Structures are given as structure tokens and as C-alpha cells.
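Observations on the three-dimensional arrangement
Next come the chains, spelled out residue by residue.
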Amino acid sequence: MFEYLVGLEVTNNQMYTQYRNAMTPILKQYGGGFGYDFVVSEVLKSAVDVPINRVFTIVFPTKQNADRFFSDDSYLAVKAEYFDSSVAHTTIIAGYEKA
């Protein structure tokens, strides 16, 4: 399994929910899913200078599946429609092979 730990600054929760709903079927086509998902009220320490109010893990069977998902034309269309207008900042905290 390959997993990303991601931090976001979500600025429009309703639009972000629409993004999640629209991208989930595409995510599942690549064997992907969400492991953890948190709304963060306070960040005590960060390695980046941008706000983070949402933290989640997204998992795939392989790194190659993750790469194919994030470059899929259908996903990119959903991202452009919903994600880009609902998220101000994305921070990839880590990407790693998960045992």
C-alpha cells in the first residue's frame, strides 16, 4: 500500500464536499480510498507557512496507481470544477509505503 498524509486549507466546505463526492468513484477505480480524515481546529507546529484546517490520509495499492489517479483526465476535470475553488493550500506532509 502507498499512502499520502495531506494537509489542506479548505475555504469552502460545501464545495469541498461536492469535490469529495465527485472524485470518490474515480478514486475507487484506482483502488484508492481515505484512511483517516480530520478537521483541525488548531495547528501547534508546522513545517510550512500556510494554514492547515483539514488533515487526511489517502491510500492506493501502489504508488503507480496514485500517479495514474492524480493524472486521470476525469479526476482533473472534477478537481478543476470543485477543488480549485474550495481549497486555498495543499501540503503533502508525507508519502510512504505502508506495511
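Figured I'd write up the structure that's included with this text. On a predicted model such as this, the values are computed, not experimentally measured, just so you know.

What counts and what doesn't
Residues numbered from 1 in each chain as written. Predicted model: local features only at pLDDT ≥ 70, side-chain atom pairs only at ≥ 80, totals over all residues. Heavy atoms only, no water. 1 Å grid on protein atoms, 1.4 Å probe; cavity = no way out; pocket = protein on both sides within 12 Å on 5 of 7 lines; lining within 4 Å. Points joined across faces, edges and corners; volume = space filled by probe spheres on them. Helix = DSSP H or I, 4+ residues; strand = E, 2+ residues; numbered from the N terminus. Nonpolar A, V, L, I, M, F, W, Y, C, P; charged D, E, K, R; others polar. Salt bridge = Lys/Arg side-chain N within 4 Å of Asp/Glu carboxyl O. Buried < 20%, exposed > 50% of the residue type's maximum accessible area, 1.4 Å probe, protein only. Phe/Tyr/Trp six-rings, centres within 6.5 Å; stacked < 30°, edge-to-face > 60°. Lys NZ or Arg CZ within 6 Å of the ring centre and 35° of its normal.

With that out of the way, let us pick up the layout of surface pockets. Here the largest pocket defines a volume of roughly 230 Å³. What lines the largest pocket is a set of 16 residues, among which V6, F56, F70, Y75 and T90 lie closest to the centre. For the lining of the largest pocket, the leading source of residues is helix 1 (residues 13–29), giving four residues. Each residue belonging to the lining of the largest pocket can be placed in one class, and the counts come to 13 nonpolar, one polar and two charged. By volume, the second largest pocket is sized at about 150 Å³. Around the second largest pocket, the lining residues are L5, V40, V43, K45, S46, A47, V48, I52, V55, T91 and I93. Split into classes, the residues belonging to the lining of the second largest pocket amount to eight nonpolar, two polar and one charged.

With that settled, consider the pattern of salt bridges. Counted by the stated rule, this structure contains five salt bridges. In this structure, D37 engages R20 in a salt bridge whose closest nitrogen and oxygen atoms are separated by 3.0 Å. With D37 in strand 2 (residues 33–39) and R20 in helix 1, the pair connects residues that are 17 residues apart, well separated along the chain. Relative accessible area serves as the criterion here: at 12%, R20 is assigned to the buried category. Salt-bridge contacts for K79 lead to D84; the nearest nitrogen and oxygen are separated by 3.4 Å. On the basis of relative accessibility, which here comes to 45%, the residue D84 falls in the partly exposed class. Among the charged side chains, a salt-bridge network with shared partners connects R20, D37 and R54.

Here the focus is the packing of aromatic side chains. As enumerated under the stated definition, the model contains 14 aromatic pairs in all. Ring centres of Y19 and Y75 lie 6.3 Å apart, and the angle between their planes is 65°; on these two criteria the pair is classed as edge-to-face. One end of the pair, Y19, is in helix 1; the other, Y75, is in helix 3 (residues 73–83), and 56 residues separate them in sequence. Y75 matches Y19 in its accessibility class, with the two residues each being buried. Ring geometry for F34 against F56: centres 5.5 Å apart, planes inclined by 75°, an arrangement best described as edge-to-face. In this pair, F34 is assigned in strand 2 and F56 in strand 3 (residues 54–60), connecting sequence segments 22 residues apart. The lysine or arginine in question, R20, covers the ring of F34, its NZ or CZ lying 3.7 Å from the ring centre. The side chain of R20 reaches across the aromatic face of F56, ending 4.8 Å from its centre.

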